[in-house]
2 protein chains.
Amino acid sequence: MISIKTNMIVRFICVVLVVLCSDGYHGYIVDPGPTIKATKGEVWPKPQSQDKYDSYFVVRPQVFEFKVLTENDCSLLENAFSRYHRILSNDYQKARNNFDFETNLYHKKLWLTDDNYIGYLDTLNVYLFGPCEDNAYPTFNMSEDYLLVLSNGTAELSSNSTWGILRGLETFSQLTYLGEDTITLRINSTLITDYPRFAHRGLLLDTARHYIPLDKIITTLDAMSYNKMNVFSLAYHGRSKFSLCQSKSFQNLELQTRTKWKEKHPERLQPGVLVFIKDKNLPPLKWAMGRVLEVHKDADGHTRSWGVAKPELLTECYDNETKTGKLGPIDPTKNNTYSFLKELFEEIGETFPDQYIHLGGDEVGFECWESNSDINAFMKANDIVGDYSALESYYIQKLINIVDQLNSSSIVWEEVFSNGVILPNKTIVHVWKDNWQLTIYEVTESGRNALLSSCWYLDHLASDGDWLKFYACDPYDFVGTEEQKQLVIGGEACMWSEVVNQYNVISRVWPRASATAEKLWSDENASDILEASRRLEEHTCRMNARGIGAQPPNSAGYCL
Amino acid sequence: MISIKTNMIVRFICVVLVVLCSDGYHGYIVDPGPTIKATKGEVWPKPQSQDKYDSYFVVRPQVFEFKVLTENDCSLLENAFSRYHRILSNDYQKARNNFDFETNLYHKKLWLTDDNYIGYLDTLNVYLFGPCEDNAYPTFNMSEDYLLVLSNGTAELSSNSTWGILRGLETFSQLTYLGEDTITLRINSTLITDYPRFAHRGLLLDTARHYIPLDKIITTLDAMSYNKMNVFSLAYHGRSKFSLCQSKSFQNLELQTRTKWKEKHPERLQPGVLVFIKDKNLPPLKWAMGRVLEVHKDADGHTRSWGVAKPELLTECYDNETKTGKLGPIDPTKNNTYSFLKELFEEIGETFPDQYIHLGGDEVGFECWESNSDINAFMKANDIVGDYSALESYYIQKLINIVDQLNSSSIVWEEVFSNGVILPNKTIVHVWKDNWQLTIYEVTESGRNALLSSCWYLDHLASDGDWLKFYACDPYDFVGTEEQKQLVIGGEACMWSEVVNQYNVISRVWPRASATAEKLWSDENASDILEASRRLEEHTCRMNARGIGAQPPNSAGYCL
């Protein structure tokens, strides 16, 4: 088939016989092979403390088992054991595929005569000292500490929390590697004491500027767990920035929403981010919570999402005292705006158990407000004539108060803090602009928690393996007291999707976000760059093997 | 399943309710929707001359047919008709999927009462005035001109060459679009006279720095045809840069090579770029032509590919007069180097019918040559003591002479020209460095053809939709006579794969290489930037719909 198709369309120049030997980008190379040689069985992010020895076990997935020692069943752990057993088996199966059974090297069991071989590892004993958290959700203060001991006679993973066990299982799986014989799965004697440096290790994924389908979101979640990241922020906002994240019940909401749309709008169902509707009164916000609703009125122009269901919430835009027919930002002058929002937040609180709601508040434009005489009259009455920032602050302030009344906590972009909105002490300020050291100083000096994203914008591209740029950033890298540093809860890598869609999202996020993951988990002095580069080379191949289409981190190379 | 998995690993912060309305990167936006609105039924690359009218046909793929009027069978065209019929049917099927048959709008045939509707287009008559080129290959001087007329009573595609018909079919397929009713496939009355501005419109893909599997190469070829590119350069070189492109017989060679490897080296077969071998004498270069052979000796170090089969071709490296055991670049001082290369080039000529061989010659390192006393003695005898560039020139000169003797033509990187190697007039100089305007001036002033890649290095990334940077480059943008400009044969977008693998190659190349494609096909004044942006938005969605995982070109948007 290929010859039929390509003959017709493309000349194949027989090309590029570069007969002298050098590498285009890295000078003369005597040894061919990868630029950065991958490690074997090293962990990403690097554990806080690790002793590793030359002696090794051979793991036989066909007999290997995790044995948990708790009083009650814990399906959360049982499911994790299944996942990791599958991962080990896949690695093993790859080894077996490489292996030719006619020559049958495996059955010669050459490792048995290797001095470093100390036996088969057929069981990992798992000790959970706390309760099984089957029905709990990950929380801000959850413990993720664990202890992993693999030595002659002992193979134990222990933790006070289920979350710690999960982190330890990930570490255990990463310690296994293919032996030099390419047919055995091995794991070295190792002692690991591990815990995260920061509580909040997040990834923000913008699925609205371009549609990202569910399977890519699930892949992202898988990859996050392989990198011990623990906060997923799904930025669900259309061009009009109505944004709500998905949650555990994502899939159901998605399906439910689709089905409902199909019932109501059979002629205009789109599988992507965009849903056309004909009836302005139909799309309740409940549905919008489940998916992006960027809503177009028919052919006569666009309104933004809320405007379709609740046009009374939005500001009417004017051109020289004539209504343009367009709707602008939320109208912050009307009481029913706030009663509506309170109701919405209550509903969100029921659906999403996390304590936090991200209220946004960045980069607001004022043109439509400026054009509207009712808005200006309100501002005059409130003594803020011409000060639209003050109007914005007024609005955000009321939102924050609503969230506070509901016993939730809010996260806001740094502008809200910088603009002087009075924030509850428990509000987290999300720092994203340049000059973040100063902002994070001021936020923590005010006694509030700070979350850093400034140096982890994944949409900022560079030509080379640019993870080093992300790896160079440390949230503690500002002048402040020890108390101030304690208020930095962590960071979030942000994948805004102006030029990202389902086809490049996974390879653009991974392994670049892995750099953020390690900076937020590991000790600040854990690695030198070369060591980290080699480990990330292995980790990227590991992600590839587990179905994460990560791009190469460094330079020329390959995965075995 | 998702709830089971994600509960355990990640906190879902309910996030980013950005309740005021602005777009983070483009200021205040009253109308939500895509930043750049896609065109409908516009062609990429833009035809040289096009008249388009409001009147339209409805295309019904279930009855539509291409009718060719030649004396003999032409399977090349018949196959193309099948492909394009499938493309039209897919587009149509998507429309049907969007459509709810209960409300059955289609059967109301609303277009029949539309003043612009001028009938069904059930046949495109295809006139090939030249011979069917079933058994020919695309060549440097092939004609790609075509004429397409779609008007009331006439639907004709005509060309003097098969290649022109193929280009015209692509154009025809791009002219179809989904009507506003979202259920009809339409095509407007159109008159197009079209031909390429440059003969050589290439894409170079480096499949050696990272392994790119066959299916991604086929996808790339498909995408090239959708962009009317006509030269595919597959840079097959390991870190040691032994590079040979694949050709029409790619698939067979690939399969054959795999099979042979499996027979000979069952224990070390890898599906990727790397092949381990145990027997140093086994890999004949014939196989190397079929795939990348980056060859590792067992565990005792690496040699580069040719060194395994033909170690006598390479320079032995020394460290203070002691052999290091490593092999460097080709040894240009030995006669048998050249007799071997002549034999190789003859073989390449039999396998690859294209007239050109790319000899490379860029960025050579001299360290190993410097360390070798035999090399230095040869240089002394030839009166070029210490001038390793002169030695390189000596070598390249001999290669070029061999190619010349074989009645082939060579392409060389610009260094070969700049270093003063005496080149036959027919040698094409491939310009890739900065300051290309001066180089291209000098090359064409010497009467030689030039090929431009400097401004189309796809590995150079920028954060935004950076195709505009590629689009701004014009190969004629240098000061020179009309005769000099005629010597510029075109250009090649280059995808070097330091940080590119199978997971990001397609989205990184497309639609960025589409910018190159249009600059090389269309009239230099064909488009303003906004018009091109809107057309590329449509073209990207078109590629997506045809299975090309292109990334978004501009900013927030969606594909219908």
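All values reported here derive from a predicted model rather than from experimental measurement.

Each helix and strand counted, chain A has 19 helices and 20 strands in total. Per-residue burial for chain A yields a buried fraction of 62% across its 560 residues. When contacts within chain A are restricted to residue pairs at least 6 apart in sequence, long-range pairs at least 24 apart make up 70% of them.

What follows is about the pairing of strand 14 (residues 314–319) of chain A. Residue and element names in this part refer to chain A. Two elements, strand 14 and strand 15 (residues 322–330), share 4 bridges in a ladder whose sense is antiparallel. Of the residues in strand 15, the one forming a bridge with Tyr318 is Lys323. Between strand 14 and strand 15, which pair antiparallel and follow one another directly, the connecting turn spans 2 residues, one of which, Asn320, has a positive phi of 50°.

With that settled, the discussion passes to the pattern of salt bridges. Within this structure, the stated rule accounts for 36 salt bridges over all chains. With a closest N to O distance of 2.6 Å, Glu144(B) and Arg201(B) form a salt bridge. On the criterion of sequence distance, the pair formed by Glu144(B) in the loop between strand 5 (123–128) and strand 6 (146–151) and Arg201(B) in strand 10 (residues 200–206) is long-range, its members being 57 residues apart. By relative accessible area, Glu144(B) is classed as buried at 2%. It is possible to trace a salt-bridge network through shared partners that takes in Lys46(A), Glu518(A), Glu531(A) and Arg535(A).

Another point: the packing of aromatic side chains. Overall, the coordinates contain 40 aromatic pairs over all chains when judged by the stated rule. Where Trp413(B) meets Trp432(B), the ring centres are 6.3 Å apart and the plane angle is 75°; that geometry is what we call edge-to-face. Taken together, the residues Trp413(B) in strand 17 (residues 409–413) and Trp432(B) in the loop between strand 18 (428–431) and helix 13 (436–445) connect sequence positions 19 residues apart. Trp432(B) shares its class with Trp413(B); the two are buried. Ring pairing ties together the aromatic residues Tyr56(A), Trp111(A), Tyr117(A) and Tyr120(A), which thus form one cluster. Across the ring face of Tyr120(A), the terminal group of Arg60(A) is positioned such that the distance to the ring centre comes to 3.6 Å. Arg546(B) extends its terminal NZ or CZ atom over the ring of Tyr226(B), reaching a point 4.6 Å from the ring centre.

This part covers the packing of helix 10 (residues 373–381) of chain B against helix 11 (residues 388–405) of chain B. Residues and elements named next belong to chain B. With their axes 11 Å apart at the nearest point, helix 10 and helix 11 run at an angle of 85° to one another. By the angle class used here, helix 10 and helix 11 are roughly perpendicular. Contacts from Ile375, Asn376, Phe378 and Met379 in helix 10 reach Tyr388, Leu391 and Tyr394 in helix 11. Looking at the contact of helix 10 with helix 11 residue by residue, the class counts come to 6 nonpolar, 1 polar and no charged.

A separate point is the domain arrangement of chain A. Residue and element names in this part refer to chain A. Segmenting chain A into domains produces domain 1 (49–194) and domain 2 (200–545). At the interface, 13 residues of domain 1 touch 15 residues of domain 2. Run the count over domain 1 and domain 2 and you get 1 salt bridge. The element contributing the most residues to the side of domain 1 that touches domain 2 is helix 4 (residues 162–175), with 4 residues. Considering only residue class, the side of domain 1 that touches domain 2 consists of 6 nonpolar, 2 polar and 5 charged.

Our focus in this paragraph is the environment of Arg209(B). All names here are of chain B. For Arg209, the position within the fold is in the loop between strand 10 and helix 4 (214–226). In the structure, Arg209 is positioned 160 residues away from Ser49 in sequence and 41 Å away in space, judged by C-alpha atoms. Within polar-contact distance, the side chain of Arg209 engages the side chain of Asp206 at 2.8 Å.

Residues and elements named next belong to chain B. Going through the model one piece at a time under the given rule, you end up with 8 disulfides over all chains. Note that Cys74 is cross-linked by a disulfide to Cys132, the S-S spacing being 2.1 Å. Disulfide Cys74-Cys132: the torsion about the S-S bond is 80°, which places it as right-handed. Note that Cys74 is positioned in the loop between strand 3 (65–68) and helix 2 (75–98) and Cys132 in the loop between strand 5 and strand 6, a separation of 58 residues in sequence.

With that settled, consider the nonpolar core. Generally speaking, nonpolar side chains in soluble globular proteins are found buried as a group. Within the largest apolar cluster, 101 residues are counted, with the highest numbers of intra-cluster contacts made by Leu124(B), Leu150(B), Phe172(B) and Trp510(B). The two domains that each donate at least three residues to this core are domain 1 (49–194) and domain 2 (200–545) of chain B. Setting aside chain neighbours within four positions, we find Trp510(B) in contact with Leu203(B), Thr220(B), Ala223(B), Met224(B), Asn227(B), Met229(B), Met543(B), Ile548(B), Ala550(B) and Gln551(B). Core analysis: the second largest hydrophobic core is formed by 100 residues, Val43(A), Ile165(A), Phe172(A) and Val500(A) among them.

On to helix 5 (residues 214–226) of chain A, then. Residues and elements named next belong to chain A. With 13 residues, helix 5 extends 19 Å from end C-alpha to end C-alpha; this agrees with the ideal 18 Å at 1.5 Å per step. Judged by how many residues are buried, helix 5 sits mostly within the fold: 11 of 13 residues are covered. Looking one or two residues beyond helix 5, the residue adopting positive phi is Lys228, at roughly 55°.

Time to look at helix 13 of chain B. Residues and elements named next belong to chain B. Three or more residues of helix 13 are buried, namely Trp436, Thr439, Ile440, Val443 and Thr444. The buried residues of helix 13 all sit within an arc of 125° when viewed along its axis, so they share a single face. Count one or two residues on from helix 13 and you reach Gly447, which has phi positive near 90°.

To continue, consider the side chain of Asn544(B). By the secondary structure assignment, Asn544(B) is in helix 18 (residues 529–545). In this structure, Asn544(B) is in contact with Asn501(A), Tyr503(A), Gly549(B), Ala550(B) and Cys559(B), ignoring residues within four places of it in sequence.

Another point: the confidence of the model for chain A. Residues and elements named next belong to chain A. When pLDDT is averaged along chain A, the result is 77, and 74% of the positions lie at 70 or above. Of the regions scoring below 50 in pLDDT, residues 1–8 engages in 20 contacts with residues more than four places distant in sequence or in other chains. Predicted confidence for residues 237–309 stays below pLDDT 50, and this span has 212 contacts to residues more than four positions away or in other chains. For this predicted complex, the interface score ipTM comes out at 0.82, while the overall pTM is 0.84.

Let us now look at the environment of Pro424(A). Residues and elements named next belong to chain A. Mapping Pro424 onto the fold places it in the loop between helix 13 (414–418) and strand 18 (428–431). On a C-alpha basis, the gap between Pro424 and Glu42 in space is 43 Å, while along the polypeptide they are 382 residues apart. Once you skip the residues sitting within four places of it in the chain, Pro424 turns out to touch Ile400, Asp404 and Arg448.

The omega angle of the peptide bond from Trp44(B) to Pro45(B) is -5°, so this bond is cis rather than trans. Within the element layout of this structure, Pro45(B) appears in the loop between strand 1 (11–12) and strand 2 (49–59). Cis geometry is adopted by the peptide bond preceding Pro511(B), which originates at Trp510(B) and carries an omega value of 5°. Residue placement: Pro511(B) occurs in the loop between helix 16 (505–509) and helix 17 (512–521). We note that Asn320(A) has phi near 50°; this positive angle belongs to a residue other than glycine. Mapped onto the fold, Asn320(A) is located in the loop between strand 14 and strand 15. Using a relative accessible area of 72% as the deciding quantity, one classes Asn320(A) as exposed.

Tracing the backbone shows Gly557(A) in the segment after helix 19 (529–545). For the pair Gly557(A) and Ser371(A), spaced 186 residues apart in sequence, the C-alpha separation works out to 58 Å.

Next up on the list: the side chain of Asn227(A). All names here are of chain A. Positionally, Asn227 belongs in the loop between helix 5 and strand 11 (231–235). Here Ala223 takes part through its backbone oxygen, which lies 2.8 Å from a polar atom of the side chain of Asn227. Apart from residues no more than four positions distant in its own chain, Asn227 is found in contact with Trp44, Pro45, Trp510, Ser514, Ala517, His539 and Met543.

Rules used throughout
- Residues numbered from 1 in each chain as written.
- Chains lettered and ligands numbered in written order.
- Predicted model: local features only at pLDDT ≥ 70, side-chain atom pairs only at ≥ 80, totals over all residues.
- Heavy atoms only, no water.
- Helix = DSSP H or I, 4+ residues; strand = E, 2+ residues; numbered from the N terminus.
- Buried < 20%, exposed > 50% of the residue type's maximum accessible area, 1.4 Å probe, protein only.
- Contact = heavy atoms within 4.5 Å.
- Pairing = 2+ DSSP bridges.
- Salt bridge = Lys/Arg side-chain N within 4 Å of Asp/Glu carboxyl O.
- Phe/Tyr/Trp six-rings, centres within 6.5 Å; stacked < 30°, edge-to-face > 60°.
- Lys NZ or Arg CZ within 6 Å of the ring centre and 35° of its normal.
- Axes fitted to C-alpha atoms, helices over the stretch in contact; angles between N-to-C directions.
- Parallel < 35°, antiparallel > 145°, perpendicular 65-115°, else oblique.
- Nonpolar A, V, L, I, M, F, W, Y, C, P; charged D, E, K, R; others polar.
- Domains from an automatic or database assignment.
- Polar contact = N/O pair within 3.5 Å; in protein donor to acceptor, adjacent residues only side chain to side chain.
- Disulfide = S-S within 2.5 Å.
- Core = buried A, V, L, I, M, F, W, Y, C linked by side-chain atoms within 4.5 Å.
- Expected span 1.5 Å × (residues − 1).
- Arc of directions from axis to C-beta.
- pLDDT = per-residue confidence, 0-100.

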